[in-house]
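Per-entry structural report
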Amino acid sequence: MDMKVDKKLGLKERYALMTRDLAWETTYQPMDKVFPQVTYEGIKIHDWNAWEDPFRLTMDAYWKYQAEKERKLYAILDAFNQNNGHLSVTDARYINVLKLFLGSTPPLELMAARGFTNVGRHMVGAGPRVACLMQAVDEYRHFQTQVHSISNYNKYYNGMNEFAHQQSRMWYLSDGKSFFDDAITAGPFEFMVAIGFAFEYVLTNILFVPFISGAAYNGDMAAMTVGFSAQSDEARHMTLGLECIKFMLEQDPDNLPIVQRWIDKWTWRGTRKLASVGMMMDYMLPKRIMSFKEAWEMYFEQNGAALFNDLARYGVKVPKCFVQTVAEKEHVTHQSWIGFYMKPDSTPFHTWIPEKDELDWLSEKYPNTFDKYYRPVLEHFDAQEKSGNRFNNKTAPMNCQVCISTIKFNDPDDPMKTLIRSKTYKGEKFHFCSLHCEEIFDAEPEKYIQAYISSHQVLQGNCAPEGVDTTAPDFEPGAHIAAYWRLDKAATGDFNGSEDQANFAAWRRQATSN
Amino acid sequence: MTVAALAPYEFASRDRLENFHGKQLVYVWWEKHRMFSRPFVVALTPATPFRRLFEDYISTYAWHPDWPHIVWDQVIWQNGDEVFTPDFDASLAQNGIGHKDLIRFSTPGLDGIAGTGY
Ligand SMILES: [Fe+2]
Ligand SMILES: [Fe+2]
Ligand SMILES: [Zn+2]
């Protein structure tokens, strides 16, 4: 059918025709059967038409706008790749940022696409449905463009080709996977608070600063352009998340305690997920932008406080974890880097001890904690490596049952002590990295007892490559783990002495001399 | 509280004892020696002597320069929050160590590299 929209229509009418007008009250089946998911979470909605559309964007305008961005993006990517862009980055260590990013982020963009597709199906109002549809397409595009921008590096450097296989198997990717699995198996309103609000609105800058600005600072035009191309989408995503919060709170006062519990939960889950992102800023970018601590202060403490002041009129309080995150900003990135450094056989990217001037930078940025707790141990590792005794902790980790982080964060009252909380549920012990994670467990234990913890899966004999008999009497559960992960040996180990390091130096010499 | 769901929501725990084919999980942590980042986990039969847990696994902590300075009869052992004295020749079960128990030990006077807890 040929659809004719009168060109003289005003923006508002055009928008109404292209979105709201596409929805109808069902008659073959009652509405509550067609939309079963919007009630069981306990959120009460009385008037779906009260949903304000923050971006009066129609699908046809959306396609046009996005297509234009794609054209520009791929022109830049092509130019970057044809001009050996991979050799213009500051230092070959930078490429490890891309490897960590590739494993942890594009697969989650894909999960976000699936999540918004689902929510777009289940929301009753046409306004949120159209907005969710656009966000689903955006997230799919983020997944694709991120993979495309990094694929050129994959031709030259180790450790990138199995990211899709590794996503649901590797120990350090389980926290992000669990974050999205938790969100996508919740109802549509909780998903919107989890991803639309807590992640896209409250925490998104902390995710984007190291990636986009980090790429720009370190000569990676490809990743930088992908980031910028996503930024106008992000503005729309943030607004959708905030609008959803306001809509729920305006519809019924009974919604407040439910929404508050979700805000508390998802801000904490997001914070835990960002520990490794902060580590990129403090340890992995050869040319630093700002410290994670500074980013946390600017984007979470200041901007976040302003946001929650604004929401106070609905009765919303700052997330319960706020105080703990402020105390932890001095510690988490150092604890994360040590956690990766000590596992040289178990990641498809390299780790290293920072150079002296980089350690000095950390001392300056973390005056309260770096010299007191972290610098001595990093210098010890360095001395050991130089004498041929590089640290390699071959044991398997203990993980938090809720956030799936390895249990490595300090007691908020004592930085020398690791916090481990434990409880028994239906006769079985469970362990947590924090009081916040324990409270999330308490609210829905049946959900978290199913958590996928990589080291436990290995010990159950579930992580052997095809063809290995796991019932044989001499079967050793950990013996096949590298093959199971499809972990390329050349991609593992210390950066010093790696093939990437040698190749980058040789190719750059070729490119810059006669 | 149970999970808000559209249908009955009951699942077995993924890490229940029977999934370990006769073994159980044990976690181990050396307090104030955080260079090892996090506790480690092993799967052993309940009949395994505590000495084997010590000699085959806990001894991986020997990479730490504090290790040779440990005065073993001053070490404080805990199962979770409970202080206990392990019998090295008795089994895990006889030492009261169950599935997913966390064995932690503290070494008084040894606080890691340069007293940092690492
Ligand atoms: Fe995205
Ligand atoms: Fe987004
Ligand atoms: Zn946790």
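Now for a description of the structure that goes with this document. Residue positions are given per chain, counted from 1 along the sequence in the order it is written. As they are written, the chains are lettered A onward and the ligands numbered 1 onward, keeping that order. Where totals are concerned, whole chains, interfaces and linings use all residues; where local detail is concerned, this predicted model gives features only for residues with pLDDT of at least 70, and gives and counts side-chain atom pairs only at 80 or more. Where side-chain values are given, they derive from all heavy atoms of the structure, hydrogens and water being excluded.

Glancing now at the packing of aromatic side chains. Residue and element names in this part refer to chain A. Two rings from Phe, Tyr or Trp (for Trp, the six-membered ring) form a pair when their centres are within 6.5 Å of each other. A pair whose planes differ by under 30 degrees is stacked, one over 60 is edge-to-face, and the rest are tilted. Summed over all chains, the structure comprises 54 aromatic pairs over all chains. Note on W337 and W352: the rings are 5.2 Å apart at their centroids and 65° apart in plane angle, and the pair reads as edge-to-face. Here W337 is found in helix α16 (residues 332–341), whereas its partner W352 is found in the loop between α16 and α17 (356–365), with 15 residues between them in sequence. You'll find W337 and W352 in the same group, each marked buried. Look at F381 and F391: their rings are 5.1 Å apart centre to centre, the planes differ by 25°, and that puts the pair in the stacked class. Note that F381 is positioned in helix α18 (residues 370–386) and F391 in the loop between α18 and β1 (396–397), a separation of ten residues in sequence. On the basis of relative accessible area, F391 is assigned to the buried category, the value being 1%. Geometrically, a charge over a ring is one whose NZ (Lys) or CZ (Arg) sits within 6 Å of the ring centre while staying within 35 degrees of the ring normal. One Lys or Arg, R272, reaches over the ring of F409 and ends 3.7 Å from the middle of that ring. To qualify as a helix, a DSSP run of H or I must reach at least 4 residues; to qualify as a strand, a run of E must reach at least 2; elements of each kind are numbered from the N terminus. Summary of the burial criterion: residues with accessible area below 20% of their type's maximum are buried, those above 50% are exposed, and those between are partly exposed, where the area comes from a 1.4 Å probe applied to protein chains only.

Time to look at the interface of chain B and chain A. Note on definitions: a residue-residue contact is assigned when non-hydrogen atoms from the two residues lie within 4.5 Å. Contacts between the two partners involve 47 residues from chain B, matched on the other side by 56 residues from chain A. Here the buried area means the combined drop in accessible surface, using a 1.4 Å probe, for two parts upon being joined, counting both sides. Interface area, chain B with chain A, both sides summed: about 4500 Å², of which 58% is carbon and sulfur. Of all residues in chain B, the largest losses of buried area upon contact with chain A belong to R34, R38 and W63 of chain B, amounting jointly to 17% of the total for that side. Here, a salt bridge means any side-chain nitrogen of Lys or Arg that lies within 4 Å of a carboxyl oxygen of Asp or Glu. Our count for the contact surface shared by chain B and chain A stands at two salt bridges. In the analysis that follows, any N or O atom pair within 3.5 Å is treated as a polar contact, provided that within protein one partner can donate a hydrogen and the other can accept it, and provided that, for residues neighboring in sequence, both atoms belong to side chains. At the junction of chain B and chain A, the tally comes to 22 residue pairs in polar contact (both at pLDDT 80 or more). Counting residues per element, the ones that place at least two in the side of chain B that touches chain A are β1 (24–30), β2 (40–44) and β5 (101–106) of chain B. Each residue receives one of three labels: charged for Asp, Glu, Lys and Arg, nonpolar for Ala, Val, Leu, Ile, Met, Phe, Trp, Tyr, Cys and Pro, and polar for the others, Gly being one of them. In terms of residue class, the side of chain B that touches chain A is made up of 25 nonpolar, ten polar and twelve charged.

One non-glycine residue, K426 of chain A, lies in the positive phi region at around 45°. Structurally, K426 of chain A is set in the loop between β4 (421–425) and β5 (428–432). Since its relative accessible area comes to 61%, K426 of chain A is described here as exposed. You will see that K100 of chain B, though not glycine, has its phi angle at about 70°, which is positive. Along the chain, the position of K100 of chain B falls in the loop between β4 (82–84) and β5.

What follows concerns the packing of helix α4 (residues 95–104) of chain A against helix α6 (residues 126–154) of chain A. Pairs of packed helices are described in terms of their axes, by the angle between the two and the distance that separates them. Residues and elements named next belong to chain A. The axes used here are C-alpha line fits, helices contributing only the stretch in contact, and every angle between their N-to-C directions lies in the interval 0 to 180 degrees. The N-to-C vectors of α4 and α6 enclose an angle of 140°; their axes lie 11 Å apart at closest approach. With respect to their mutual orientation, α4 and α6 come out oblique. α6 is crossed by α4, and the crossing has left-handed handedness. From α4, I95, L98, F101 and L102 reach across to α6, where they touch Q146, V147, I150 and Y153. Considered class by class, the residues forming the contact of α4 with α6 number seven nonpolar, one polar and no charged. We call two directions roughly parallel when the angle between them is under 35 degrees, roughly antiparallel when it is over 145, roughly perpendicular when it lies between 65 and 115, and oblique otherwise. In this scheme the crossing of two helices becomes right-handed for a clockwise turn of the near helix relative to the far one and left-handed for an anticlockwise turn of less than a right angle.

Attention now goes to the coordination of the iron ion (ligand 1). The donor set comprises N, O and S atoms within 2.8 Å of the metal, extended to 3.2 Å for Na, K and Ca; water molecules are omitted, so apparent gaps in a site may simply reflect that omission. Around the iron ion (ligand 1), the protein contributes the donor atoms E109 of chain A (OE), E139 of chain A (OE) and H142 of chain A (ND1), at 2.0 to 2.2 Å from the metal centre. In the primary sequence, the donor residues of the iron ion (ligand 1) line up as E-x29-E-x2-H.

Attention now moves to the sheet that holds β1 of chain A. Strand order in the open sheet formed by six strands is β1(A)-β2(B)-β1(B)-β5(B)-β3(B)-β4(B), with mixed pairing between adjacent strands. Each edge of the open sheet carries a strand with a single partner, namely β1 of chain A together with β4 of chain B. For two strands to be treated as a pair, DSSP must find no fewer than two bridges joining them.

As a further point, take the layout of surface pockets. Size it by volume and the largest pocket reaches roughly 1000 Å³. What lines the largest pocket is a set of 39 residues, and nearest its centre among them are K394, T395, A396, V458 and G478 of chain A. Counting only elements with at least two residues in the lining of the largest pocket, the list comes to β1, α21 (454–459) and α22 (481–485) of chain A together with β2 and α1 (50–57) of chain B. Of the residues belonging to the lining of the largest pocket, the class tally is 18 nonpolar, eleven polar and ten charged. Of the grid points, spaced at 1 Å and generated over the protein atoms alone, those admitting a 1.4 Å probe that cannot get out make up cavities, while open sets with protein on both sides within 12 Å along at least five of seven lines make up pockets; any residue with an atom within 4 Å of a point is treated as lining. Grid points are joined across faces, edges and corners, and a volume is the space filled by probe spheres set on the points. A volume near 380 Å³ is recorded for the second largest pocket. For the lining of the second largest pocket, the secondary-structure elements that each account for two or more residues are α8 (174–184) and α20 (445–448) of chain A. Counting residues per element, the lining of the second largest pocket draws most heavily on α8 of chain A, at five residues. Among the residues making up the lining of the second largest pocket, the classes are represented as eight nonpolar, six polar and seven charged.

That is the geometry; function is a separate question.
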